[in-house]
Structures are given as structure tokens and as C-alpha cells.
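Spelled out from the first residue to the last, the chains are:
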Amino acid sequence: MYDFALLFSFAFPPMSLTRAQIESIAHLARLELEPAEIPVYQDSLSRIIDLVGQLDRADTAAVAPMAHPLPGLTQRLRPDEVTEEDRHECYQASAPQVAAGLYLVPKVIE
Amino acid sequence: MIHRNSLTQLAAGLRAGKFSSVELVREYLARIEASQPSLNAFISITGAEALAAAAAADREIAAGRGGPLAGVPIGHKDLFCTAGVRTTCGSRMLGNFVSPYDATVVAKLKAAGAITLGKLNMDEFAMGSSNETSYYGPVRNPWNTDLVPGGSSGGSAAAVAARLVPAATATDTGGSIRQPAALCGITGIKPTYGRVSRFGMIAFASSLDQGGVLATSAQDAALVLREMAGFDPKDSTSVDVPVPDYGAALDAPLAGVKVGLIREFIDEGLDRENERRIREALVVLERLGATLREVSLPNLPLSVPAYYVVAPAECSSNLARYDGVRFGHRCKDPRDLQDLYRRSRGEGFGAEVKRRIMTGTYVLSAGYYDAYYLKAQRVRQLIAADFKRVFGEVDVLVGPTSPTAAFPIGAKTDDPITMYLNDIYTIGANLAGLPAMSVPCGFVGGLPVGLQIVGPHFAEGRILNVAHRYQLETDWHLKAPERFA
Amino acid sequence: MTDQESTWETVIGLEIHAQLATRSKIFSGAATAYGAPPNAQASLIDLGFPGVLPVLNGEAVRMAVRFGLAIGARIARHSVFARKNYFYPDLPKGYQISQYELPIVAQGALDIVLDDGSTKRVGITRAHLEEDAGKSLHEGLGGLTGVDLNRAGTPLIEIVSEPDLRSAKEAVTYMKKVHTLVRYLEICDGNMQEGSFRCDANVSVRRKGSEKLGTRAEIKNINSFRFVEKAIQYEVARQIELIESGGKVVQETRLYDPDKGETRSMRTKEEANDYRYFPDPDLLPLAVGEELIEEVRRSLPELPDEKAARFSSQYGLSPYDAGVLSASRELADYYEEVVRAVPREPKLAANWVMGELAAALNTENLDVGSGKMPAPRLAGLLTRIADQTISGKLAKEVFEAMWAEGQSADAVIESKGLKQITDIGAIERAIEEVMAKSPGQLAEYRAGKDKLFGFFVGQVMKATQGKANPAQLNELLKKKLPG
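Residues numbered from 1 in each chain as written. Chains lettered and ligands numbered in written order. Predicted model: local features only at pLDDT ≥ 70, side-chain atom pairs only at ≥ 80, totals over all residues.

1. So, the overall build of chain C
Along the backbone of chain C there are 16 helices and 17 strands. Compactness check: chain C gives a C-alpha radius of gyration of 30 Å against a globular reference of 23 Å for 483 residues, more than 25% above the reference. When its C-alpha atoms are laid out on the principal axes, chain C stretches across 95 × 55 × 55 Å. Across the 483 residues that make up chain C, the buried fraction comes to 45%. In chain C, 69% of the contacts between residues at least 6 apart in sequence involve partners at least 24 apart. (Helix = DSSP H or I, 4+ residues; strand = E, 2+ residues; numbered from the N terminus. Rg over C-alpha atoms; globule rule 2.2 N^0.38 Å. Buried ≥ 20, exposed ≤ 12 C-beta atoms within 10 Å, placed from the backbone. Contact = placed C-beta atoms within 7 Å.)

2. Re the domain arrangement of chain C
On domain assignment, one finds that chain C holds domain 1 (3-295), domain 2 (302-416) and domain 3 (424-480). Relative to domain 3 of chain C, the C-alpha centre of domain 1 of chain C lies at a distance of 66 Å. (Domains from an automatic or database assignment.)

3. So, the packing of helix H9 (residues 303-318) of chain B against helix H12 (residues 369-390) of chain B
Two quantities define a packed helix pair, namely the angle between the helix axes and the distance between the axes. Residues and elements named next belong to chain B. Their axes nearest at 9 Å, the elements H9 and H12 cross at an angle of 130 degrees. By the angle between their directions, the pair H9 and H12 is classed as oblique. Here H9 and H12 pass one another in a crossing that is left-handed. Here H9 contributes Ser-303, Ala-306, Val-309, Val-310 and Ala-313 to the contact with H12, which in turn contributes Tyr-372, Tyr-373, Ala-376, Gln-377, Val-379, Arg-380 and Ile-383. (Axes fitted to C-alpha atoms, helices over the stretch in contact; angles between N-to-C directions. Parallel < 35°, antiparallel > 145°, perpendicular 65-115°, else oblique. Left-handed = near helix turned anticlockwise from the far one by under 90°.)

4. A closer look at the interface of chain A and chain B
Contact residues are listed per partner, giving 39 residues for chain A and 55 residues for chain B. Elements supplying a minimum of two residues to the side of chain A that touches chain B: helix H2 (19-28), helix H3 (37-52), helix H4 (88-91) and strand S3 (102-106) of chain A. Here the side of chain A that touches chain B gets seven residues from one element, more than from any other, and that element is H3 of chain A.

5. Side note on helix H8 (residues 272-287) of chain B
Residue and element names in this part refer to chain B. Taking 1.5 Å as the rise per residue, H8 with 16 residues should run 22 Å; its terminal C-alpha atoms sit 23 Å apart, in good agreement. The set of residues buried in H8 consists of Asn-274, Arg-277, Ile-278, Ala-281 and Leu-285. Projected onto a plane normal to the axis of H8, the buried residues spread over an arc of 100 degrees and lie on a single side. Away from its buried face, by an angle of more than 90 degrees, H8 presents the exposed residues Arg-272, Arg-279, Val-283, Glu-286 and Arg-287. Check the buried side of H8 and you find it contacts strand S7 (258-262), strand S8 (291-295), strand S9 (396-400), strand S10 (436-444), strand S11 (447-454) and helix H15 (460-473). Positioned one or two residues after H8, Gly-289 has a phi angle of 110 degrees, which is positive. (Expected span 1.5 Å × (residues − 1). Arc of directions from axis to C-beta.)

This is the structure we're talking about:
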């Protein structure tokens, strides 16, 4: 009879990214995903990676990566001067949780 | 009908005492309030502060002082940090973030005398081409409120098109100034990378982001850009090149200007009617004395894939600071540190932002960095080289800004790729760091079409000149949506 | 050599993080001074607020170049800042700005002197610039952790050695050498208690003769020389025992617990973090030109090895003494200031600086720079020893009084009447008095009991309150005692 699995795979080609990869990426990026969301992201990310795969068409063997759009510029150096003052009260005005000037987070065990 | 004045006219009128800044601000604030339910262009409206600043501006003007934009109302895209005012980036993540400092662009425009009326809606963290990803609701196109205004600077474009402000600041990473300008029938300019300071301009993709302006004419844009641009020691990527008087060079005749039509842009993706408007515009340019030829940038079709590696990669890192620790959204009752991170970020960011963060995380990760990130940066080099080569033959490049006119809200939200392809003509200029504009050049089905003009590095004056001469010859830029005219 | 030592070889590489002594942070204008109240020195840039951007401190660059030149390394004409991405509360941006593929300093070396006196060249693979993270406090916050970002953004130079070290002792010697060097160069204050100088040790073992490197464990953040030695010793023993009992060394990060004297695995440090390094787009490539390099080269001080060699040849000191005296610039400068005042007595000066002075400073936990015993004052004492105003023995007493009262040597000698008696007549009279008072001992001495010579020395010294010049006393006794 028909090999439904085979037919199915023609209709829905395997995605470039696996579910496990999505979970691993989400963890690296510290993003909580609902279980129902994972296949959705798996689908869209796979499509994006497929789109990006077009880059293979280009012959870039003789080309250097471009980190900055304006070539030839180099980093400016700043003089070693203290120009900032204590403004922690202002900066902490809308911090989520602060005590005695410290930012508070759940306990980190080292 | 104060709002029918151009920004140039408003600035002159204020100096001449024809009206006061307080009058202007009142008028615009009323228009803004009235428009909010239908357009939703603004996230925050700073009415009280604006009136106070306007009163102060009137005093300055009366005393014969005041900068070039004294008393002129303006809106800021909500990713420019404004001291003491909520700056949300269109995101829940920064819903409660009141910036303790002004972005350099904000400070400069303030110093020039401009009056901030409010913060403009945008795609979340500048990621989008339709202003549908904002946590604060989509922005609607003033020409037809069932349609998108474009993005990510949708709020800025809608506000200018609806004459709610004479000009608005905006940013462009892959087309986010030019594409909304085209869809809303207004003029927008993205300057050369490094021309405008990025300090205080909340980062999406650092090597692509540039601040610019949306206005109703090249002349107006020139006036504002001059005040925005300039070297900033607080931005290491800011370029120390003097800012010319863009206004002074606007009127130069176009005789002998060599214009190149980008062959690769006239592709199957471009709506045929849109193409006709573009070609009609080119005829006008020829009439003005420009010589036209076709040029080829063979690597340009790879700009979308290259962009969708580089931009997500940079954004995945730029957005790591949003972790619920020092500012911004924090989840309730975090169980432990990892839970704090995961849920704060999971709740704070929308789907498109999460998509791009994950894409970026993936393309930078071990084993994929060379194949994706380095490869994309090499392709970027090829694209930049293409531009450099053709700028040896022509003075400016032209083509369409957007493949289609404005599309219905919700039409392209299912497949991200469809949405990404909206930027197909604009992305190249970001990758190469080139200055680029969009000017209105006609209508298709009653909806605006934009003509894109791209120049070599630091040729803002040149492209503004081409745009201005075109606008002296045509009146597309004077058309406003009926409801807001 | 123990059984273990003959079978096993230890391979150690050190990664040293030294805080650069700039006034402001590497990418922001906030102050770097230690001890400020929490977050008082954390600017918007250090806090990683939305929209902020880094701008590079030129002095940090100069300090890195200074270090590179001092270790004979190659200074990269172009180096690149890269982002190291990971999530941790003391890392506000969610990434650390560091240098990855193209560091500012590459391939240098430092020579160390081993216990057996031989010299060993330790390769330094690279040194690069990066920003420090903040600090987390875990106590007294009701079960929460408090984050202080004052330290975030302080410039660091990370110095990575080749895995050339073969014992805990060598590792400590190397670490001390780097410590001395960075203080000499005035690029780091070397204060390990305050965290300005920290060390991670990569430790592995392999069977002697094996070419392959064993799996290494990284021991993090050790902040004293003693702990480094102990931690490595413990770790080496642990690894050997593990392998010998059939186990495998796991590549992991471990912490040294000084109370228990052992290393333990860091529980919560993630499985090999994928840092996703990429060049920081907010910073442009760092260009270091010939001019800057020459400017820094010209400003280099005499380096420790050069100084030690010069001390040996110029002052006739042993390599050991020369090494001790050149261990810090302060000490070396102090010593030379003393010698300039008593130029004929470099060895005397060396003995006193390394001996009495060092001991006294130690008991009060001071260093030469404290001003408790300024060089001219010590020199004054040595001058009086050299010109025989006082005897060497009495000098100790004089020193103690000088130390306690802050007086000059002359003032003490005067007030205590300690001038050495060199007047031959006076000594002779004292000898005659003693001889008259001790007829019995005199008879025994004359009868052949030579040992009693010392008795007479003692008695004359007592009679003269220790002020008789010993050399003269000896000579005169020899003349007079036999009769």
C-alpha cells in the first residue's frame, strides 16, 4: 500500500532545526517558551535558516568578513578621566528590587 | 490650517511672529488626541511638558534668540531615550522604563529648539516592517486605516503623514524609515552609518542601525537632519566629519547628474503598477537634466539572507541586558535566577523579537559561526563592493522602496519570511552603510508609492538635492490623506 | 624523588587577571577606586542601560602595551574587541567585552629562577584587554543575592601562560614574577585582598614521557600565592589518585576551599558555556601605531631582571640578595637611596635593609614606602657604623631606639652616650682596671687557659658599656694580657 510516512515527508519536508535545538537555543537565550510554542518557533526558525542558506550561493573565498560598514576606521581613545558621579539613587529609581544600594536577585549558589 | 505648513514654513513663521509655538503645540496636540483611536501613532503624549517648552521657546524667539528649530513641534520614535519620559521601544519589556538620560539626538534637537510632543509607536525593538509587533497595538495607515503604515517606524510615518507633527525622528536598520515613508506617502532619510549618533538610540543591530528623520519634504528633512547629525564622542562608531548645510545645496540643478537604476530591483517581486510609478519618476529626473543608465549589483539579491544573519546575531546580544535585574519588566515571584531570566524575558518580549533573538543565538553558536555569521559578513563585503563599483560610474542610485503599496493589517503575519521580503530593496543600503531616502512618486490604487534614492557615503546633500529638485517638479509630496489634509 | 614524581608529570598553565590601575573604567568615565558604597561608581554604561555605548580608555591601551613590551611580546597593530555572551547577575549587559581572536599582545615570555638556581623561560601565549564584572554578595540579604556593579567595567589585562609550568612551586614563582612586573610597570597595584590580581590555574597530569596533554581542570579565582600552591598540589594529587584508581579526569571548573584545603567542582557553572564570541559592533578595531609603541617603550622603567643584574654587578651583591632587593621598585629605590648616602658600603646596606629593617617593617605590617624609616635616616646609622662611631653590636640597639622614637642615629647615639670608644688610651685604662680586678682569671689565662680571652673581652665591654671598639680591644688585649 501507500507509504504514508514517505508521502507525508514529501508534503512536509523535514525542518532544518529539531525541537531539541529549539529548546537548547531558547535556553542559551534564557527565553521561556510554552510547550505549544515550540513547534511554531521550530517552523519559523527553520524557514529563516532555509532563507539564510541562500548565502551558500556566493563565492566568498577571497573576501574578508565586514564587521563595520565604513572601512578603514579605527577606535578612538578616550582620556583617562573620571567624568561620572554617584547617581545610583536616580538610576535605581525604577529598578525592580533594590536594597542598601544593591540590585537583588534570587540567591546565586556558587 | 496650521498643519498644512511645512516644517520650514513653521520655523520661519515662528520667527516672523505669525504664530506662537504654544499655538502650534496646542493645535498639534489636539490633532494627536483626536487621531489616537484610529491611528494609534503615539505611545506617550507629553502634552504638559510640550506646552511648557513651547512657552519658553516663544520667549526665546521674542528675545531674538532660539535655534534653527525654535518652537517647532516634533515627535520621537520611542526608541530614543528621553529623560524623565517613558521610553518603551514598543515593548512590554520596557513598559515601565523611564529613561534617566536623553539620547544625543534628542538633546541636539532640544538644543535646536524643537518641542517634543510625544513618543511614537513602533515595531517592538525596531523589528518589523508593518508596525504590527508593537505591544501597544498596531499603528494604522492614515491613507486607509485597515492597512499597515509600514515599519518599524510606523508611528513616526503615520504621524507625519496625518500631519500630527511636521517631522519625526525614526531609525532604519533594514528599511525602517524608508519603507514606512513609501507606504505613507512622505519623505524619509536614513543617513550614512556613523553620521547620526547612536548614543541613547536603543540598539537593535549595532552595525546597521541609523537614526534619521521623516518629514513631508526633502527640504524639511534637510533642516532637521542638519541638527541631528554630527560627531558624538559618546558613540565610538560616530564619524568625525563636519555636517554640511544640507539646505544650502538643495537647489543645485540636476544637469549632468548620473543616475543609476538598479537592475536587480526590477524583479518579479515588484508590483507592476509600482514599477510604472518608478519609471515615471525616472522620466522626471531625466527631464531635470539627469542622465539615466541601468546598473547591476549582482550580489544585491543576497542582502536579505545576509541581513537575517547579521541583524539577529547582533540583536541577540544587544537584548541580553533585558533580564529583569536592573530595569524593565520582571516576572512575579521568580523561583530562582534562571526562572527570573527565562520568565522575565519570555513575558517581556513578543514573538518576533524572540524569533530574532533565537535566530541570532543559533547563527553565533559553536559550529555555526563560520557557516552563517562569518559567511554573511563576507557576503556583506561583496554587496558593499558592488555599491562602491557602481558609484564609480554614477552619482546616485534609484529604484523602488517597497515591492508593494501598503497591505492589510494581519495579511503577512503568518509567515515571517513574507514579512521580511518587504525590505528587499532597502536592506542593501544598511549593509553597506550608505545614505538612502524615499520620496513619494505617485499612487497605485489610491495608495502612495515611494522612490528610493541611494548615495555614496556622506552624500546626504546629494540625495537630498535630487529629492528636492524632484519635489519642485512634482507635487506627490504635498498630497495628504483626505481625513488629515 | 617519590614514586608519584617519577611516574607522573604535572602540567600547569596560569591565567592571571590583573586590574589596570587607571583612574576611570575601560569603557566609561566612572571611577575605579576600591571601596565605594554599592553602585556608587556604576555609570549608565557600566549598568548596561538601554541605548548606552562603550568608549575606550586610552590609558588602558598604553598599559597593555607596556606589559607587552616588558615581556618581549608582539604588539598587535590591529586588535579587535569581542563580546563573550552569557547570563550572570554581575554581568549587566549579558556579555563581557573582551578580546578573542585578535588580542593586543601575543607571544611573550618571562624568565623565572627555579629552586636549583637554574633559569626557566615561561611562555606567555597572549595578553588581552577586557572589562571586569561586578560583585555578588550572598550574605545578609534574606536569602537573596545582592549585586554591586562598582567593579563592572574596571579594565583588566588577562595574561595567559603556555602550559610550561611543571610544579606548584614553579607556578607560584611565575605568578610572583608577574606580580612584581605589573607593579614595577605601575599598571596594577597587585593588591590580592582587594581583588586587583587574580589567578586561575589550569592543571593536568600525564605519565612521564607522554606527549599528549591530560584532561585539565580549571581552578578559579585564587587570590593568594599560598593558596595557588596548595590548590595546585591538592589538585595534582586528586587527579593522580583518580586516574590510578581507574577514573577519568573531567574537564571542569573547580574552586579552592582554603578552609578545607581542597578543590571542589563548581556545581552551578553551566556545562561548557557557548559564549558565541563575535566582534563587538559598537567598537572599531584598535589600531596601535609605531608612535604609541615607541612612546611607551621610552617610558618603560628598568625592569626587575635588569635591575637585579645591575645590583649584582654594580654593588657586588649575590644574585639572591640582588633578587630580594629588586623584588619591588619601592624597595629597590629605597636601597639605592641608602647606598647613594653610604656609597662604600653596598653590602652593609643590603644586610641592614634585608635584615633589621625588613624585620621591623614586618612586625608592624608596613612597607618601605610607609615613611617610618626614611632612607637618609637609615643611611645615617650605617654611616656611623662605617666610621666606627659605634660598633655593629650597639648599632642594633641604636636602630631599635631610632625606630621607636623616630630619631636620627646621631640623636640616639648622643642621648644615650653610645659613642664607640676608639681612644686607645681609654681602652688601655679599662683593660688595666679589669686586669687588676680579676687576678685569678689573669693567672689562669697566662697559664694557658686561652678560652678566658673572651672573659676579658666581656668584662672590658661591660666596663665601657659596650662602647669599646672591638677590633682595637682585641689587639690591645692580645698585647697586654700576656704581661
